[in-house]
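Chains, contacts and geometry: an overview
What follows is the residue order along each chain.
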Amino acid sequence: DVKVTQSSRYLVKRTGEKVFLECVQDMDHENMFWYRQDPGLGLRLIYFSYDVKMKEKGDIPEGYSVSREKKERFSLILESASTNQTSMYLCASSFVLRNEQFFGPGTRLTVL
Amino acid sequence: DQQVKQNSPSLSVQEGRISILNCDYTNSMFDYFLWYKKYPAEGPTFLISISSIKDKNEDGRFTVFLNKSAKHLSLHIVPSQPGDSAVYFCAARGNYGGSQGNLIFGKGTKLSVKP
């Protein structure tokens, strides 16, 4: 069964803290994605990766960075968390030649 | 500029009736369209898709219609059930230089099916 897991379901951090969000997939997918979902704004792509050690900016990369050291793991890093980064963060993965993306359960991040 | 638009933020339907969710797009280079369903506190799950070479795809109670000339697609749910209450996202995939094959999502429509 297809599985994308995210390290935390809920996270509360303080402004200025460094935050790591981890995502692991067990489907041997080449592609991995990080989105954030905000009310009225839908899903917006932050970063994506087509292969190990490769990364590409999405639509809203400012304030974020990513790391992909292993095929199954894709990390999102908030170098210095700010209140406007309070959001639902969703990780997804897919095969390179397939359209369907599989999503993790999401991490609800609150920055105080 | 929004390339995928879901103009209705919410929709309320009676159980047993038809739910019709609409999606418009602006880029004629999109070649594949998907619908995702999302419950609160869960990740989106894939529901149904359609290639641009087709105008209809059906899967059980769910049917997606594509009108390329109008750049419009719709998701029909018949009959609607209370468990269908969720946010539905329309997504499109570009197949052109610079698109990198990523999905572009609409803002979502919240469907409420009342018993």
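Keep in mind the model is a prediction, meaning the values are calculated, not measured. Numbers given for residues are sequential positions, taken from 1 along each chain in its written order. To label them, take the chains in the order written and letter them from A, then take the ligands in the order written and number them from 1. Residues qualify for local features only when their pLDDT is at least 70, as the model is predicted, and side-chain atom pairs are given and counted only at 80 or more; totals for whole chains, interfaces and linings, by contrast, use all residues. Side-chain measures were taken over the full set of non-hydrogen atoms in the model, leaving aside hydrogen atoms and water.

Overview of the overall build of chain B
Only DSSP runs of H or I covering at least 4 residues are called helices, and only runs of E covering at least 2 are called strands; the numbering of each starts at the N terminus. When helices and strands are counted, chain B shows zero helices and eleven strands. Only C-alpha atoms enter the radius of gyration, while the globule expectation follows 2.2 Å times N to the 0.38, with N the number of residues. A compact globule built from 115 residues would reach a C-alpha radius of gyration of about 13 Å, and chain B, at 14 Å, matches this within 12%. Considering only C-alpha atoms, chain B reaches an extent of 45 × 30 × 20 Å along its principal axes. Each accessible area value is a Shrake-Rupley result obtained with a 1.4 Å probe; residue values ignore everything except the protein chains displayed when judging cover. Total accessible area on chain B stands at roughly 5500 Å², and carbon and sulfur atoms take up 48% of it.

Quick word on the pattern of salt bridges
All names here are of chain A. Salt bridges are counted wherever a side-chain nitrogen of Lys or Arg sits within 4 Å of a carboxyl oxygen of Asp or Glu. Inspection of every chain in the model, using the stated rule, returns ten salt bridges over all chains. Residue glutamate 79 pairs with lysine 18 through a salt bridge whose shortest N-O separation is 3.5 Å. Of this pair, glutamate 79 sits in the loop between strand S8 (73–78) and strand S9 (87–94) while lysine 18 sits in the loop between strand S2 (10–13) and strand S3 (19–25), and the two are 61 residues apart along the sequence. Since its relative accessible area comes to 44%, lysine 18 is described here as partly exposed. Remark: exposure states derive from per-residue accessible area (1.4 Å probe, protein chains only) relative to the maximum for the residue type, with buried under 20%, exposed over 50%, and partly exposed in between.

A closer look at unusual backbone geometry
Residues and elements named next belong to chain B. Cis geometry marks the peptide bond from valine 78 to proline 79; its omega dihedral reads -15 degrees. Mapped onto the fold, proline 79 is located in the loop between strand S8 (72–77) and strand S9 (86–94). In the Ramachandran plot, alanine 41 falls in the positive-phi region, its phi being about 65 degrees despite a non-glycine side chain. Tracing the sequence through the fold places alanine 41 in the loop between strand S4 (30–38) and strand S5 (45–51). The residue lysine 71 is not glycine, and still its phi comes out positive at about 55 degrees. Along the polypeptide, lysine 71 turns up in the loop between strand S7 (62–67) and S8.

Here we look at the nonpolar core
Residues and elements named next belong to chain B. By size, the foremost hydrophobic cluster in this structure holds 23 residues, and its most contacted members are Phe33, Trp35, Leu73, Leu75, Ile77 and Tyr88. Among the secondary structure elements, those contributing two or more residues to this core are strand S3 (19–25), S4, S5, S7, S8, S9 and strand S11 (109–114). The element that contributes the greatest number of residues to this core is S9, accounting for four residues. Among buried residues, those of type Ala, Val, Leu, Ile, Met, Phe, Trp, Tyr and Cys that are joined through side-chain atoms within 4.5 Å constitute a nonpolar core.

Here's the deal with the packing of aromatic side chains
Two measures describe an aromatic ring pair: the distance that separates the ring centres and the angle between the ring planes. Aromatic pairs are defined between Phe, Tyr and Trp rings, using the six-membered ring for Trp, whenever the two ring centres lie within 6.5 Å; interplanar angles under 30 degrees are classed as stacked, those over 60 as edge-to-face, and all others as tilted. Summed over the entire model, instances satisfying the criterion amount to 13 aromatic pairs over all chains. Plain terms: the ring middles of phenylalanine 103 of chain A and phenylalanine 105 of chain B are 6.1 Å apart, the flat faces sit at 75 degrees to each other, and that makes the pair edge-to-face. Here phenylalanine 103 of chain A is found in strand S10 (residues 102–103), whereas its partner phenylalanine 105 of chain B is found in strand S10 (residues 103–105) on a different chain. No difference in accessibility class separates phenylalanine 103 of chain A from phenylalanine 105 of chain B, as the two residues are buried. For the pair tyrosine 25 of chain B and phenylalanine 30 of chain B, a centre-to-centre distance of 6.1 Å together with 55 degrees between the ring planes defines the contact as tilted.

Some words on the interface of chain B and chain A
When the parts of a complex come together, some accessible area is lost, and that lost area is often taken as the interface size. With 17 residues of chain B in contact, the opposing surface of chain A contributes 21 residues. Each partner contributes to the roughly 1600 Å² buried at the junction of chain B and chain A, and carbon and sulfur atoms together form 55% of this total. Summed over the shared surface of chain B and chain A, the result is zero salt bridges. Side-chain atoms alone can form a polar contact between residues adjacent in sequence; in general such a contact is a pair of N or O atoms within 3.5 Å, and within protein one must be able to donate a hydrogen while the other accepts it. Taken together, the connections running from chain B to chain A amount to five residue pairs in polar contact (both at pLDDT 80 or more). Broken down by element, the side of chain B that touches chain A gets its largest block of residues, four residues, from S4 of chain B. Throughout, a contact is declared for two residues whenever any of their heavy atoms are within 4.5 Å. A 1.4 Å probe defines the accessible area here, and the buried area is the portion of it lost by two parts on being joined, summed over both.

What about the environment of threonine 86 of chain A?
All names here are of chain A. Within the secondary structure, threonine 86 sits in the loop between S8 and S9. With relative accessibility at 31%, the residue threonine 86 sits in the partly exposed group. Between the C-alpha atoms of threonine 86 and tyrosine 35, which are 51 residues apart in sequence, the distance is 13 Å. With residues near it in sequence (within four places) discarded, threonine 86 still touches Arg36, Asp38, Leu109, Thr110 and Val111. For threonine 86, the side chain forms a polar contact with the main-chain nitrogen of valine 111, separated by 2.8 Å.

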